[in-house]
2 protein chains.
Amino acid sequence: MPKIYLEDLAVGDTWECGGRTVTREEIVAFAREFDPQSFHVDEEAARHSLYGGIIASGWHTAAICMRMIVDGLTSQVVSLGSPGVDAIRWPAPVRPGDTLRVRAVCLEVRPSRSKPGRGLARFRYEVHNQDGALVMTMEGMALVARRPEAAQA
Amino acid sequence: MPKIYLEDLAVGDTWECGGRTVTREEIVAFAREFDPQSFHVDEEAARHSLYGGIIASGWHTAAICMRMIVDGLTSQVVSLGSPGVDAIRWPAPVRPGDTLRVRAVCLEVRPSRSKPGRGLARFRYEVHNQDGALVMTMEGMALVARRPEAAQA
């Protein structure tokens, strides 16, 4: 598979990735380790909460989103990591049995001024469940290598 | 332990939490599941990368930060979840054996205009390692219950 360098990315490029179903066991296991609030780990407490049942930690949704992005996009890109992520929102909860998909849209592509071999790409990510409900959005930055010939020019 | 309601939070309130050491096994296990980029999971590839060795996925650092926040702060607050997080940055990598601590500072406290029983609090989080290096910052929002008497007023 040909690798994607900074020069191969353009604003508006779009990827559709994922189709991963999240189980109750995964939701509770992740939350027990990283986010043990009652509405993530305790069925009875969750039923009487604002959410009416167990919901996934937003960090679990973000991690699942990342895995779908890595499999569908980042694994093809000559990626050097990420300096950060902006504007994470969780407009609707993720519940046991939900199947998640992510759409990635390239927002910006910018060669580095100080480091000739790389640049920055920004992507908007939207995660939907099987009913089409939007459950997470965020904007991520990625450090991406330039093609060797472009970096030397 | 007395519970913290929205009325008990004030701008500038600060908490210090954590002291959790991150092992190589945890870093690789998390990344294999959620962020299998080579510099998170492959010792040999990581050695030849920008980072010179395995580093934790930023999502792993965020999840560990969340656990430290839950244990040190959220578990005392009458928390109703979070609509989102802004401005996550990873200025330095987290490496195997690092011990992380988080400082939380309250930035804003605002009763909801439409929902009398709750409000929004914003916090800035800073995660440092054992050498004092800043490894993550972010701004998180929390939905927090108002005291019953305040909500009825």
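This text follows the structure it describes.
Conventions adopted
Residues numbered from 1 in each chain as written. Chains lettered and ligands numbered in written order. Predicted model: local features only at pLDDT ≥ 70, side-chain atom pairs only at ≥ 80, totals over all residues. Pairing = 2+ DSSP bridges. Helix = DSSP H or I, 4+ residues; strand = E, 2+ residues; numbered from the N terminus. Expected span 1.5 Å × (residues − 1). Buried ≥ 20, exposed ≤ 12 C-beta atoms within 10 Å, placed from the backbone. Axes fitted to C-alpha atoms, helices over the stretch in contact; angles between N-to-C directions. Contact = placed C-beta atoms within 7 Å. Core = buried A, V, L, I, M, F, W, Y, C linked by C-beta atoms within 7 Å. Least-squares fit on C-alpha atoms with pLDDT ≥ 70 in both. Nonpolar A, V, L, I, M, F, W, Y, C, P; charged D, E, K, R; others polar. Arc of directions from axis to C-beta.

### Observations concerning the pairing of strand β5 (residues 134–145) of chain A
For step 1, the next point in the chain: Pairing between strand β2 (residues 84–89) of chain A and β5 of chain A: three bridges, direction antiparallel. Across the sheet, residue D86 of chain A finds its bridge partner in β5 of chain A, namely E139 of chain A.

### So, helix α4 (residues 58–72) of chain B
For step 1, the next point in the chain: Taking 1.5 Å of rise per residue, the 15 residues of α4 of chain B would be expected to cover 21 Å, and the 21 Å separating its terminal C-alpha atoms lies within 8% of that figure.
For step 2, the next point in the chain: Here α4 of chain B lies mainly inside the structure; 13 of its 15 residues are buried.

### Section: the sheet that holds β5 of chain A
For step 1, the next point in the chain: If you trace the ten strands from one edge of the open sheet to the other, you get β1(A)-β3(A)-β4(A)-β5(A)-β2(A)-β2(B)-β5(B)-β4(B)-β3(B)-β1(B), paired in antiparallel fashion. Looking at the sheet topology across the chains shown, the edges are occupied by β1 (14–21) of chain A together with β1 (14–21) of chain B. For this sheet, the mean inter-axis angle between neighbouring strands, taken without regard to orientation, is 20 degrees.
For step 2, the next point in the chain: Taken together, the eleven bridges between strand β4 (residues 118–128) of chain A and β5 of chain A define a ladder with antiparallel strand orientation. Across the sheet, residue E126 of chain A finds its bridge partner in β5 of chain A, namely T137 of chain A.
For step 3, the next point in the chain: Docked against the sheet, helix α4 (residues 58–72) of chain A engages β1, β2, β3 (99–111), β4 and β5 of chain A, running at close to 125 degrees with respect to β1 of chain A.

### Focus on the nonpolar core
For step 1, the next point in the chain: C65, I69 and V102 of chain A together with C65, I69 and V102 of chain B are the most contacted members of the largest nonpolar core, which has 84 residues in total.
For step 2, the next point in the chain: For I69 of chain A, the residues in contact, after removing those within four places along its chain, are C17, T74, V102, A104 and Y125 of chain A.

### Let's talk about the relation of the copies chain A and chain B
For step 1, the next point in the chain: For the pair chain A and chain B, the best superposition has an RMSD of 0.0 Å and corresponds to a rotation of 180 degrees with a translation of 0.0 Å parallel to the axis. What the rotation and shift describe, once combined, is the action of a two-fold rotation axis. Among all residues of chain A, the one whose C-alpha sits closest to the rotation axis is D86 of chain A, at a distance of 2.6 Å.
For step 2, the next point in the chain: The share of interface residues of chain A whose copies in chain B are also at the interface is 100%, consistent with both copies meeting through the same surface.

### Digging into the interface of chain A and chain B
For step 1, the next point in the chain: Contact residues are listed per partner, giving 26 residues for chain A and 26 residues for chain B.
For step 2, the next point in the chain: Looking at the side of chain A that touches chain B, the elements with two or more residues in it are α4 and β2 of chain A.
For step 3, the next point in the chain: Ranked by residues supplied to the side of chain A that touches chain B, first place goes to α4 of chain A with seven residues.
For step 4, the next point in the chain: Within the side of chain A that touches chain B, the residues separate by chemical class into 15 nonpolar, seven polar and four charged.
For step 5, the next point in the chain: The pairing of β2 of chain A with strand β2 (residues 84–89) of chain B spans four bridges and is antiparallel. Looking at the pairing, G84 of chain A lines up with R89 of chain B of β2 of chain B.

### Some words on helix α1 (residues 24–34) of chain A
Owing to its 3.6 residues per turn, the α-helix brings residues three or four apart onto one side.
For step 1, the next point in the chain: Listed as buried for α1 of chain A are I27, V28, F30, A31 and F34 of chain A. All buried residues of α1 of chain A fall inside an arc of 165 degrees around its axis, so they share one side.
For step 2, the next point in the chain: The secondary structure elements touched by the buried residues of α1 of chain A are α2 (38–41) and α4 of chain A together with α4 of chain B.

### Focus on unusual backbone geometry
For step 1, the next point in the chain: Phi at A87 of chain A takes a positive value of approximately 55 degrees, unusual for a residue other than glycine.
For step 2, the next point in the chain: Relative to the elements of secondary structure, A87 of chain A occurs in strand β2.

Shape descriptors only; they carry no functional weight alone.
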